[in-house]
Each structure stands twice: as structure tokens, then as C-alpha cells.
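Descriptive structure summary
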Amino acid sequence: MFSNSLIELDRAHLVHPVASYRTHETLGVRVLASASGATVTDATGKQLVDGFAGLWCVNAGYGHDSIVEAAAKQMRELPYATGYFGLGSEPAIRLAAELADRAPGDLNHVYFTLGGSDAVDSTVRFIRYYWNARGKPNKDQFISIEQGYHGSSTVGAGLTALPAFHAGFGLPFDWQHKIPSHYAYRNPAGTDPQAIIAASVAALKQKVEQLGAERIAAFYAEPIQGSGGVLVPPKGWMKAMRDVCRTFDILFVADEVITGFGRTGPLFACTEDEIVPDFLTVAKGLTSGYVPMGALFMSEHVYQTIAEAAGTSAVGHGYTYSAHPVSAAVGLEVLRLYEGGLLENGRKAGARLMAGLESLRDHPLVGDVRGRGMLAAVELVVDKERKTPLPAGADPARRIFDRAWQNGLIVRAFANGVLGYAPPLCCTDSDIDAIVERTRQTLDETLADPTVRAAMV
Ligand SMILES: Cc1ncc(COP(=O)(O)O)c(C=O)c1O
């Protein structure tokens, strides 16, 4: 009764992100009620292993009392402090310092946001300011990558390269350009890592030539493309792209909103890629999803250029909730937990997850298995030789998600038949084994789907 009335209220009033409003009205909401570790419980009492950590964000896992305590303590002492007027709060200052200490290279300056989209949006503002400061206002063209995701803000959604974020919104803007993804499983250059890197380098150079280096402000890349289907570039890809940008005086933005905070192993994936970008964006794992917060890191030269140009004038960029003390207190505690064992556990669990998913390769529907650490994907096809995707009529996003749900597992089911995994770093061996076993069961049921069967013959 309670849950039915919630479904009605939701249908009538709550607009859901990235949803077909009409389909959602028909299907109704599934209400989540509680969670602990890697397990969530819905309003009917059904328990599921959360193989996606909410929205790849609850990296620490659910139910950490110490995080709750840190937030409650901060709320009691000082629930809000503005950063305007030269004011500040201890947790925000400490978190900025702790993060700068751990960030790659000279990414020493941190601007806090409320999430990833406004972190990306803020980079666009700072980059424009930077090039104006350097007397190059014509450097106003931005390049990102097909299948990339950089959030849902008005300009960030144009850097994003997923059709649903453009259609009907008048995006992308004419100053937002794309180059093809490294998408190793389907790269026209083949599967050789060096050939894939060479193809991306050539594509970026070609774009630079076409637009003119003197026009290009910045290049955006995710260390692993998340929302595009967990596309893992070959080792050395980020470094090669970073080098091209340096050659042509193009700012390099590493979007680590998903890959940050242990998702691929270390705190920042850029460390493994052995690069220092000019900007680095984070969110999600920064507070493990317990409260909203994102951030961008600015390298020393960017910060100094902006500061010098502004002189005694204000740099006109700010949010009421930038550097929110409660979010910062949570961020500090989450960081303590990561370094107190969660990163280590995540590395072990990630190895087990990858081995488990690899064992699914013999399944008739599995075309590709890829990932790094606790970020992985299984790509389904109906013909392994031709790499034919599942037919749209099989409605993978809905039906595979539903089957997994029935089997007690939450995964990301992309519309093209890719299954995405990003479990909490706290996963036990049995959580990981359950993710793999329930995936196999879900694949078997998908194989029995008449639409899938018909596409296979
Ligand atoms: C790489 C990347 N950038 C930006 C964002 C946007 O973050 P948010 O949803 O917190 O606004 C996301 C969200 O998934 C992301 O994956």
C-alpha cells in the first residue's frame, strides 16, 4: 500500500534523469529502501548485489557509520560556510590540501562543485578565461571524443558525444568538435594497440590541422570512456594524446569523474597513464555518493595565469555550495577509508571481477570482455565473427536490466547490449562471485529470448 502510493506520487511528480517519461509512467518506479556493504534492498524487501555502485559512485560501499558521523558532526558544528567574501571552513581547506597532495604533478589548486557536470562546465569557463588572459581569445574551439561523456550541463552536454544528450537540445554547439573513439573492439584500425594509438593521434592531428592550432582551446578525454560503454584505451593512449596537445599548445582535460578514487585501482587513473593534465575533473567517488560534491584541479600554470590576469579583480565564477563543509567532511572521511584498506580491497576484488567476467567469454553471446580494476564491461553480440550487436528489438537496456534484477543483481545495461560493471570497492569475494554467477544466469535467459534467438540464425 505504502509502496503503491509512492509509485503513484513518483509517476505524478518526480521527473527522472535520462528516462523516457512516457515509458517510466507506464512501468513505474522501483523504490530502493536501504543498503549495506554492496547489497541494496528494495521496498518489497528484495536484496540485490549492486554491481554498479549506484551510478558508479558509491565506491566505499553503503552503510559506513564513520561517514555518517563525520557528516552529522559537521552539520552540528557548522552546516554551511560560504567561500565568498574571503570566508572558508576547515574541512574544505583540509580536503583541498589533501587532494592536491595526492593529485598527479602540479595539479595544486582545487575548485569544488556539486557534481561532475558543473565541474566540466567550470573547466570551460576557466579555459576561456585562461586563453583570454594569454591574449589568445581566438582559441575558443573544443575537441572531445565520440562515445565520450562529460555531463549534462548546457555546454558540457555538447562535449558529451551521446546522441540522446544532443537530440532536441540544439547541441553540440559549432565550437564543439569530435574525433573517433579508440573503441578497441570495433576500431577500423584493428586490434593492435599501437595501431589504435596511431589512428587516434592521426585523427587528433587532422582535426587540429582542419581547425588550426591557433583556434583550439582544449581537448577532453576520459581515461576510460564510461557512459559510452566502458571503452578501455590501450596502454599509452592517454600519454600519446597528451603529447599531441602539448605540441600544439592545447589544454588537456582529463575527466576522471568515474575513474577517480579507486575505480581503476589508484586514486587517480592518470597516475597509471603517467600523465599530468592541465585540468582534472572528479565527483562521484570523491564523497562516495553519500552527499553531492565534485571538483576540478587546475595545474600551477593555469592557476597562475588566471590569477595574474585578474589581478585585484574578482574571477567571476562561483557557486553558493562550492566547498560545502558537510560534503568536504564526508570527502575527508571517505579518503581516510580508501587509504585505510578500501583501495587495497578494490584492487583484489577488481582482479577477481575481471577473472570472473573473463570466464564468461565461452558464452555464445559474449563478444568482448574489458575493464581495469573495478570498472568493466561485457559486450554481447549475436554473431562473434561479425561482431553483430544484439537487435534493438531485444530491448537490451530494459530486458537485460530486468532479468539481472530478477536474479538479484544490478548492472548497467546499455541500449547496444553492453553490460557495465562498477561495484563498490568493499566487495567481498562472495559479492564478486555473485555478480559473475548472476550475470551468467542473465546471459542464459537472454539467449533464450526469442528475438535474440531469431537474430542468431
Ligand atoms: C566522465 C564523466 N564526466 C562528467 C559526468 C557528470 O557528472 P554528474 O552526473 O555528477 O553531473 C559523468 C557522470 O557520469 C561522467 O561519467
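Reading the values: the criteria
Residues numbered from 1 in each chain as written. Predicted model: local features only at pLDDT ≥ 70, side-chain atom pairs only at ≥ 80, totals over all residues. Heavy atoms only, no water. Axes fitted to C-alpha atoms, helices over the stretch in contact; angles between N-to-C directions. Helix = DSSP H or I, 4+ residues; strand = E, 2+ residues; numbered from the N terminus. Parallel < 35°, antiparallel > 145°, perpendicular 65-115°, else oblique. Left-handed = near helix turned anticlockwise from the far one by under 90°. Contact = heavy atoms within 4.5 Å. Nonpolar A, V, L, I, M, F, W, Y, C, P; charged D, E, K, R; others polar. Expected span 1.5 Å × (residues − 1). Salt bridge = Lys/Arg side-chain N within 4 Å of Asp/Glu carboxyl O. Buried < 20%, exposed > 50% of the residue type's maximum accessible area, 1.4 Å probe, protein only. Near = heavy atom within 4 Å. Polar contact = N/O pair within 3.5 Å; in protein donor to acceptor, adjacent residues only side chain to side chain. Areas by Shrake-Rupley, 256 points an atom, 1.4 Å probe, with all protein chains shown as cover. Domains from an automatic or database assignment. Buried area = accessible area lost by both parts, 1.4 Å probe.

**As for the packing of helix 13 (residues 396-406) against helix 14 (residues 429-447)**
Relative orientation of the contacting elements helix 13 and helix 14 amounts to 135°, with a least axis distance of 9 Å. By the criterion of interaxial angle, the relationship of helix 13 to helix 14 is oblique. Helix 14 is crossed by helix 13, and the crossing has right-handed handedness. Where helix 13 approaches helix 14, its residues Ile400, Arg403 and Ala404 are matched on the opposing element by Thr442, Glu445 and Thr446. Split into classes, the residues belonging to the contact of helix 13 with helix 14 amount to two nonpolar, two polar and two charged.

**With respect to helix 4 (residues 65-77)**
Across its 13 residues, helix 4 extends 18 Å between first and last C-alpha, which sits within 8% of the 18 Å expected from 1.5 Å per residue. As for helix 4, its buried residues are in contact with helix 5 (90-102) and helix 12 (325-358).

**Remarks on the pattern of salt bridges**
In the structure shown here, the tally under the stated rule is 27 salt bridges. A salt bridge links Arg372 to Asp273; the nearest nitrogen and oxygen atoms lie 3.8 Å apart. Residue Arg372 is located in strand 11 (residues 366-372), and its partner Asp273 is located in helix 10 (residues 269-273); the two are separated by 99 residues in the primary sequence. On the accessibility criterion, Asp273 (11% relative accessible area) is buried. Where Glu344 meets Arg347, a salt bridge forms, and the shortest distance between an N and an O atom there is 3.5 Å. On the criterion of helical spacing, the pair formed by Glu344 and Arg347 is a turn pair, its members being three residues apart in helix 12.

**Description of helix 6 (residues 116-133)**
With 18 residues, helix 6 extends 25 Å from end C-alpha to end C-alpha; this agrees with the ideal 26 Å at 1.5 Å per step. Of all the residues in helix 6, the buried ones are Gly116, Asp118, Ala119, Val120, Asp121, Ser122, Thr123, Val124, Phe126, Ile127, Tyr130 and Trp131. Of the residues flanking the end of helix 6, it is Gly135, one or two places downstream, whose phi is positive at about 75°.

**Here we look at the site of the ligand**
Close to the ligand lie Gly115, Gly116, Ser117, Tyr149, His150, Gly151, Glu222, Asp255, Val257, Ile258 and Lys284, which account for all nearby residues. In this structure, an oxygen atom belonging to the ligand sits 2.6 Å away from a side-chain N or O atom of Ser117. Across the complex, the protein chains shield 84% of the 390 Å² of accessible surface that the ligand would expose by itself. Here the residues of the shell around the ligand sort into three nonpolar, five polar and three charged.

**Focus on the domain arrangement of the protein**
Domain parsing of the protein yields domain 1 (31-63 + 341-456) and domain 2 (81-323). The distance between the C-alpha centroids of domain 1 and domain 2 comes to 28 Å. Each partner contributes to the roughly 2,500 Å² buried at the junction of domain 1 and domain 2, and carbon and sulfur atoms together form 52% of this total. The largest contributions to the domain 1 side of the interface with domain 2 come from Trp56, Arg372 and Lys387, which together make up 31% of the buried area. Summed over the shared surface of domain 1 and domain 2, the number is three salt bridges. Put simply, domain 1 and domain 2 have 18 residue pairs in polar contact (both at pLDDT 80 or more) between them.

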